[in-house]
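What the coordinates show
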Amino acid sequence: MELVFFYGLAIASLLIGTAAIYMALVEAFPLSWLYYHYFLRKPLNWSIFIGLLVWTGLIFYQSNEMPLWAIAPLLITGFALILTFKMHQEKAFPAVFFPAMAKDPNQLPLDDQMEMAVIDYQGITKCYPLDYVIHHHIINDHFADKIVALTYCAMCRSIIPFDVTAIGPLKVGSFKNANMIVADVRTNTFFQQSTFKSLIGKLHPYELTMIPFQILSWREVKHTIQSPNVVKVSEKDFKDFELPIPGIWKKLVASEATPGLASKNRDKTFPARTHVIGITDSSINDRLVYLKKQVLSEKVVENNEYGFVLIGAGKTVNAFKNSLNTDKLALRLQDKELSDANSNTKWNIRGKYISGDLKADLEPIAISDEYWFSWIKFHEHSKLIRL
């Protein structure tokens, strides 16, 4: 009977130690289970491991003989305890808190085509290579007296910066429906990254505030920003991205598989990893979405109904309001510069004023460059605009 009990606890410990993975990947498990598992997994498995050790010691004390049959379940429980700490999204993708900026960005190991998230906020501009951000999923940083959390869900490629000054820095909380769940460090409230909304926890209900940002190549950053402020990185920060099981990531992104979101529950209008541009700006009530390849082909896409324009340059898309004060703009893209056909005004690709009559920067709007399966899962009533 003791043998059965020992092995039963060992298996239970193993299930607890790996639950962060299988409960995230199987839709049938309620989100609340993931949430409470986050808090209980460590004390539960410590209790099981210590309890079995004490029980083994008592058996040895009473019989004066080591129960060799207890060694295997003890080893299983010890291994499960290690998994409890190691096999969790928070550990696999450790958030960064207030990283140092490079003194000389030209000395960093950056390639001209490397994509960077450029955040211009509170009069401060900072740049983060996406090949660095993907390993951490969340970069928390100061922008004057504000705190911004740049979040990057690798599975759905949703890159979203939030102003989290009111609640403090974010970390990876879990994973559900093929999208990252973020959590604030102070209260561990869970938020769905793609919708900005809280799911469970002390702050629920609460909605995160997205801020506009841009994705530019390093070449474009150097061309448009004098002495760019870039996070300090090294060669090791650009190692190939991998999941805990080596080699599986490349196979995954080359397939239609969407772990955590069953095929039967996925919209199949387009292949899962079709790149789309979703409009997320709070000034636009409706959810609009474009096929990214069409935007890049057109280069300039105006939406007069909602008052914005998409600019496709190279491999990236950015968006601006198509009016400045009371002036309606007719933007054109030429040689990585924007010009207004109604005036003599020019801006760089970031929307920063260069010359002309309208002496002001363009106003950016928030968009999301992500995969179709993720966008339509969390914005199912979106209006798809074909060009």
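Scope of this entry: the structure provided in the associated data block. Remember, it's a predicted structure, so these values are computed and weren't measured experimentally.

The next thing to look at is the sheet that holds strand β3 (residues 124-129). The three strands lie next to each other as β3-β2-β12, forming an open sheet whose pairing is antiparallel. Strands with a single pairing partner mark the edges of an open sheet, and in this sheet they are β3 and β12 (214-217). The average angle at which neighbouring strand axes cross in this sheet is 30 degrees, direction not considered. Bridging between strand β2 (residues 115-121) and β3 involves six bridges; their strand directions are antiparallel. In the strand pairing of β3, Ala117 is matched with Tyr128.

Looking at where Ile376 falls in the secondary structure, it is placed in helix α9 (residues 372-378). A relative accessible area of 10% places Ile376 in the buried class. Separated by 27 residues in the primary sequence, Ile376 and Ile349 have C-alpha atoms spaced 29 Å apart. When sequence neighbours within four positions are dropped, the list of residues in contact with Ile376 reads Asp267 and Ser382.

Take the packing of helix α2 (residues 31-63) against helix α3 (residues 71-86) next. Between two packed helices, the angle of one axis relative to the other and the distance separating the axes together describe the packing. Interhelical geometry of α2 versus α3 gives an angle of 160 degrees and a closest axis separation of 10 Å. In terms of orientation, α2 lies roughly antiparallel with respect to α3. Of the two possible hands of crossing, α2 and α3 adopt the one that is left-handed. Here Arg41, Lys42, Asn45, Trp46, Ile48, Phe49, Leu52, Leu53 and Thr56 of α2 lie close against α3, whose contacting residues are Leu74, Thr77, Gly78, Ala80, Leu81, Thr84 and Phe85. Residue composition of the contact of α2 with α3, by class: nine nonpolar, five polar and two charged.

With that settled, consider a nonpolar patch on the surface. Residues Trp46, Ile50, Val54, Leu58 and Phe85 make up a contiguous nonpolar surface patch of about 450 Å² in total accessible area. Element by element, the count of residues in the nonpolar patch is highest for α2, at four residues. Structurally, Val54 can be placed in helix α2.

All right, on to the nonpolar core then. Nonpolar side chains tend to gather and get buried jointly when the protein is soluble and globular. Ranked by internal contacts, the top residues of the largest apolar core, which has 82 residues, are Leu110, Ile119, Tyr128, Leu170 and Leu208. Here this core gets six residues from one element, more than from any other, and that element is strand β5 (residues 146-153). Within the second largest apolar cluster, 14 residues are counted, among which are Ile284, Leu288, Ile365 and Ile367.

This next bit is on the packing of helix α1 (residues 2-25) against α3. Look at α1 against α3: their axes get within 8 Å of each other, and the N-to-C directions meet at 15 degrees. Between α1 and α3, the interaxial angle falls into the category roughly parallel. α3 is crossed by α1, and the crossing has left-handed handedness. For the pair α1 and α3, the contacting residues are Phe6, Tyr7, Ala10, Ser13, Leu14, Gly17 and Thr18 in the first and Ala72, Pro73, Ile76, Thr77, Phe79, Ala80, Leu83 and Thr84 in the second. Class assignment for the residues of the contact of α1 with α3 results in ten nonpolar, five polar and no charged.

Turning next to α1. Taking 1.5 Å of rise per residue, the 24 residues of α1 would be expected to cover 34 Å, and the 34 Å separating its terminal C-alpha atoms lies within 8% of that figure. Ala19 marks where α1 bends most, by close to 65 degrees.

Time to look at unusual backbone geometry. The omega angle of the peptide bond from His204 to Pro205 is 0 degrees, so this bond is cis rather than trans. Along the chain, Pro205 turns up in the loop between β10 (198-200) and β11 (209-210). Positive phi values are uncommon outside glycine, yet Ala178 reaches one of about 65 degrees. Residue placement: Ala178 occurs in the loop between β7 (170-176) and β8 (179-184). Classification of Ala178 as buried rests on a relative accessible area of 0%.

Cut-offs used in this document
- Residues numbered from 1 in each chain as written.
- Predicted model: local features only at pLDDT ≥ 70, side-chain atom pairs only at ≥ 80, totals over all residues.
- Heavy atoms only, no water.
- Pairing = 2+ DSSP bridges.
- Helix = DSSP H or I, 4+ residues; strand = E, 2+ residues; numbered from the N terminus.
- Axes fitted to C-alpha atoms, helices over the stretch in contact; angles between N-to-C directions.
- Buried < 20%, exposed > 50% of the residue type's maximum accessible area, 1.4 Å probe, protein only.
- Contact = heavy atoms within 4.5 Å.
- Parallel < 35°, antiparallel > 145°, perpendicular 65-115°, else oblique.
- Left-handed = near helix turned anticlockwise from the far one by under 90°.
- Nonpolar A, V, L, I, M, F, W, Y, C, P; charged D, E, K, R; others polar.
- Patch = residues over 30% accessible without salt bridge, like charges linked within 9 Å, V, L, I, M, F, W, Y side chains within 5 Å.
- Areas by Shrake-Rupley, 256 points an atom, 1.4 Å probe, with all protein chains shown as cover.
- Salt bridge = Lys/Arg side-chain N within 4 Å of Asp/Glu carboxyl O.
- Core = buried A, V, L, I, M, F, W, Y, C linked by side-chain atoms within 4.5 Å.
- Expected span 1.5 Å × (residues − 1).
- Bend = angle between axes of the 7 residues up to and from the residue.

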